[in-house]
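One-letter residues, chain by chain:
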Amino acid sequence: MEYFYDGKWKPSGGGFCADTECPCRGSSIARGQGFLYVSPEVANFRREFKTHQSAIEEMEQRVIQKFGRPVSYRFKIGPVLLCKQAARNRRLDLDIAARDANMWWETGKAPARETPLAGSRAADDERRTWQASV
(Lines give C-alpha, C1' and ligand atoms only; values in the text may rest on other atoms or scores of the structure.)
Protein backbone atom coordinates (compact mmCIF):
# COMPACT_ATOMS: atom_id res chain seq x y z
CA MET A 1 0.00 0.00 0.00
CA GLU A 2 1.17 3.53 -0.75
CA TYR A 3 1.35 6.18 1.98
CA PHE A 4 1.79 9.93 2.12
CA TYR A 5 3.24 12.09 4.86
CA ASP A 6 0.81 14.43 6.63
CA GLY A 7 2.58 17.74 7.23
CA LYS A 8 0.18 18.59 10.09
CA TRP A 9 1.31 15.54 12.09
CA LYS A 10 3.13 16.31 15.33
CA PRO A 11 5.55 13.96 17.11
CA SER A 12 4.02 14.43 20.58
CA GLY A 13 0.78 15.30 22.32
CA GLY A 14 -2.79 14.33 21.61
CA GLY A 15 -5.37 15.51 19.13
CA PHE A 16 -9.03 16.24 18.74
CA CYS A 17 -11.94 15.13 16.58
CA ALA A 18 -11.69 17.26 13.46
CA ASP A 19 -15.07 16.30 11.99
CA THR A 20 -16.98 19.59 11.81
CA GLU A 21 -20.27 17.69 11.54
CA CYS A 22 -19.71 15.58 14.67
CA PRO A 23 -21.81 16.47 17.72
CA CYS A 24 -18.78 15.84 19.98
CA ARG A 25 -17.59 19.37 19.12
CA GLY A 26 -13.92 18.54 18.83
CA SER A 27 -13.57 16.08 21.68
CA SER A 28 -10.06 15.32 22.83
CA ILE A 29 -8.35 12.19 21.45
CA ALA A 30 -5.39 10.70 23.31
CA ARG A 31 -2.22 10.02 21.38
CA GLY A 32 -2.41 6.64 19.66
CA GLN A 33 -6.23 6.60 19.73
CA GLY A 34 -9.00 7.65 17.38
CA PHE A 35 -9.84 6.85 13.79
CA LEU A 36 -8.30 8.23 10.61
CA TYR A 37 -10.43 9.23 7.64
CA VAL A 38 -8.99 9.74 4.16
CA SER A 39 -11.64 11.00 1.76
CA PRO A 40 -11.75 9.75 -1.84
CA GLU A 41 -10.73 13.23 -3.04
CA VAL A 42 -7.72 13.45 -0.73
CA ALA A 43 -6.67 9.88 -1.61
CA ASN A 44 -6.76 10.61 -5.35
CA PHE A 45 -4.95 13.91 -4.91
CA ARG A 46 -2.22 12.52 -2.63
CA ARG A 47 -1.48 9.57 -4.89
CA GLU A 48 -0.28 12.20 -7.35
CA PHE A 49 1.23 14.70 -4.87
CA LYS A 50 2.94 12.57 -2.24
CA THR A 51 4.89 15.18 -0.30
CA HIS A 52 3.20 17.76 1.87
CA GLN A 53 5.04 20.58 0.12
CA SER A 54 4.11 19.44 -3.39
CA ALA A 55 0.46 19.09 -2.29
CA ILE A 56 0.42 22.63 -0.87
CA GLU A 57 2.06 24.07 -3.99
CA GLU A 58 -0.41 22.32 -6.29
CA MET A 59 -3.43 23.50 -4.29
CA GLU A 60 -2.08 27.06 -4.24
CA GLN A 61 -1.76 26.92 -8.03
CA ARG A 62 -5.33 25.64 -8.33
CA VAL A 63 -6.58 28.50 -6.15
CA ILE A 64 -4.73 31.03 -8.34
CA GLN A 65 -6.20 29.43 -11.48
CA LYS A 66 -9.69 29.60 -9.98
CA PHE A 67 -9.52 33.18 -8.68
CA GLY A 68 -6.83 34.67 -10.92
CA ARG A 69 -4.68 35.64 -7.92
CA PRO A 70 -3.61 34.33 -4.53
CA VAL A 71 -6.47 34.48 -2.02
CA SER A 72 -7.10 33.04 1.42
CA TYR A 73 -8.80 29.72 0.76
CA ARG A 74 -9.25 26.56 2.86
CA PHE A 75 -8.49 23.24 1.24
CA LYS A 76 -7.97 19.71 2.55
CA ILE A 77 -4.85 17.81 1.55
CA GLY A 78 -4.54 15.36 4.44
CA PRO A 79 -6.38 12.89 6.63
CA VAL A 80 -8.93 13.74 9.31
CA LEU A 81 -8.63 12.43 12.87
CA LEU A 82 -12.02 11.35 14.20
CA CYS A 83 -13.61 10.20 17.42
CA LYS A 84 -15.52 6.92 17.40
CA GLN A 85 -18.88 8.66 17.01
CA ALA A 86 -17.70 10.54 13.92
CA ALA A 87 -16.19 7.36 12.42
CA ARG A 88 -19.49 5.54 12.97
CA ASN A 89 -21.47 8.43 11.50
CA ARG A 90 -19.34 8.17 8.34
CA ARG A 91 -19.90 4.37 8.37
CA LEU A 92 -16.14 3.69 8.30
CA ASP A 93 -14.67 0.28 8.97
CA LEU A 94 -13.62 0.95 12.55
CA ASP A 95 -10.80 -1.62 12.66
CA ILE A 96 -9.17 -0.24 9.51
CA ALA A 97 -9.67 3.41 10.51
CA ALA A 98 -8.17 2.69 13.96
CA ARG A 99 -5.22 0.87 12.42
CA ASP A 100 -4.66 3.79 10.04
CA ALA A 101 -4.81 6.21 12.99
CA ASN A 102 -2.26 4.16 14.89
CA MET A 103 0.18 4.28 11.93
CA TRP A 104 -0.44 8.01 11.56
CA TRP A 105 0.26 8.66 15.26
CA GLU A 106 3.50 6.67 15.06
CA THR A 107 4.86 7.88 11.71
CA GLY A 108 2.85 10.82 10.37
CA LYS A 109 1.95 8.72 7.33
CA ALA A 110 -1.55 8.06 6.04
CA PRO A 111 -2.67 5.56 3.40
CA ALA A 112 -3.06 6.96 -0.11
CA ARG A 113 -6.43 5.23 -0.42
CA GLU A 114 -9.84 6.22 0.80
CA THR A 115 -10.87 4.78 4.15
CA PRO A 116 -13.06 1.74 3.47
CA LEU A 117 -16.66 1.69 4.65
CA ALA A 118 -17.84 -0.98 7.08
CA GLY A 119 -18.90 -4.14 5.25
CA SER A 120 -17.52 -2.98 1.91
CA ARG A 121 -15.57 -5.09 -0.53
CA ALA A 122 -12.57 -2.78 -0.06
CA ALA A 123 -12.63 -3.46 3.70
CA ASP A 124 -12.87 -7.23 3.11
CA ASP A 125 -9.97 -7.09 0.63
CA GLU A 126 -7.80 -5.16 3.06
CA ARG A 127 -8.52 -7.63 5.85
CA ARG A 128 -7.50 -10.51 3.58
CA THR A 129 -4.23 -8.67 2.86
CA TRP A 130 -3.60 -8.34 6.62
CA GLN A 131 -4.25 -12.05 7.18
CA ALA A 132 -1.97 -13.04 4.30
CA SER A 133 0.89 -10.96 5.72
CA VAL A 134 0.71 -12.55 9.20
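This write-up is about the structure you can find in this document. (Residues numbered from 1 in each chain as written. Predicted model: local features only at pLDDT ≥ 70, side-chain atom pairs only at ≥ 80, totals over all residues. Heavy atoms only, no water.)

## A look at the overall build of the chain
- Along the backbone of the chain there are five helices and six strands.
- Compactness check: the chain gives a C-alpha radius of gyration of 15 Å against a globular reference of 14 Å for 134 residues, within 12% of the reference.
- Seen through its C-alpha atoms, the chain measures out along the principal axes to roughly 50 × 35 × 25 Å.
- Counting every position in the chain, which comprises 134 residues, the buried fraction comes to 38%.
- Contacts in the chain between residues at least 24 apart in sequence constitute 72% of all its contacts with a sequence separation of at least 6.
- Summing over all exposed atoms, the chain offers an accessible surface of approximately 8,400 Å²; the carbon and sulfur share of this is 49%.
- Across the chain, the 22 positively charged side chains and the 17 negatively charged ones have centroids separated by 4 Å. (Helix = DSSP H or I, 4+ residues; strand = E, 2+ residues; numbered from the N terminus. Rg over C-alpha atoms; globule rule 2.2 N^0.38 Å. Buried < 20%, exposed > 50% of the residue type's maximum accessible area, 1.4 Å probe, protein only. Contact = heavy atoms within 4.5 Å. Areas by Shrake-Rupley, 256 points an atom, 1.4 Å probe, with all protein chains shown as cover. Lys, Arg positive; Asp, Glu negative; His and termini not counted. Charge placed at Lys NZ, Arg CZ, Asp CG, Glu CD.)

## Some words on the packing of helix H4 (residues 94-107) against helix H5 (residues 121-133)
- Relative orientation of the contacting elements H4 and H5 amounts to 60 degrees, with a least axis distance of 10 Å. It follows from the interaxial angle that H4 and H5 lie oblique. When you trace H4 past H5, the crossing you get is left-handed. Together, Asp 95, Ile 96, Arg 99 and Asp 100 of H4 and Ala 123, Glu 126, Arg 127 and Trp 130 of H5 make up the contact between the two elements.
- Its residues assigned to classes, the contact of H4 with H5 comprises three nonpolar, no polar and five charged. (Axes fitted to C-alpha atoms, helices over the stretch in contact; angles between N-to-C directions. Parallel < 35°, antiparallel > 145°, perpendicular 65-115°, else oblique. Left-handed = near helix turned anticlockwise from the far one by under 90°. Nonpolar A, V, L, I, M, F, W, Y, C, P; charged D, E, K, R; others polar.)

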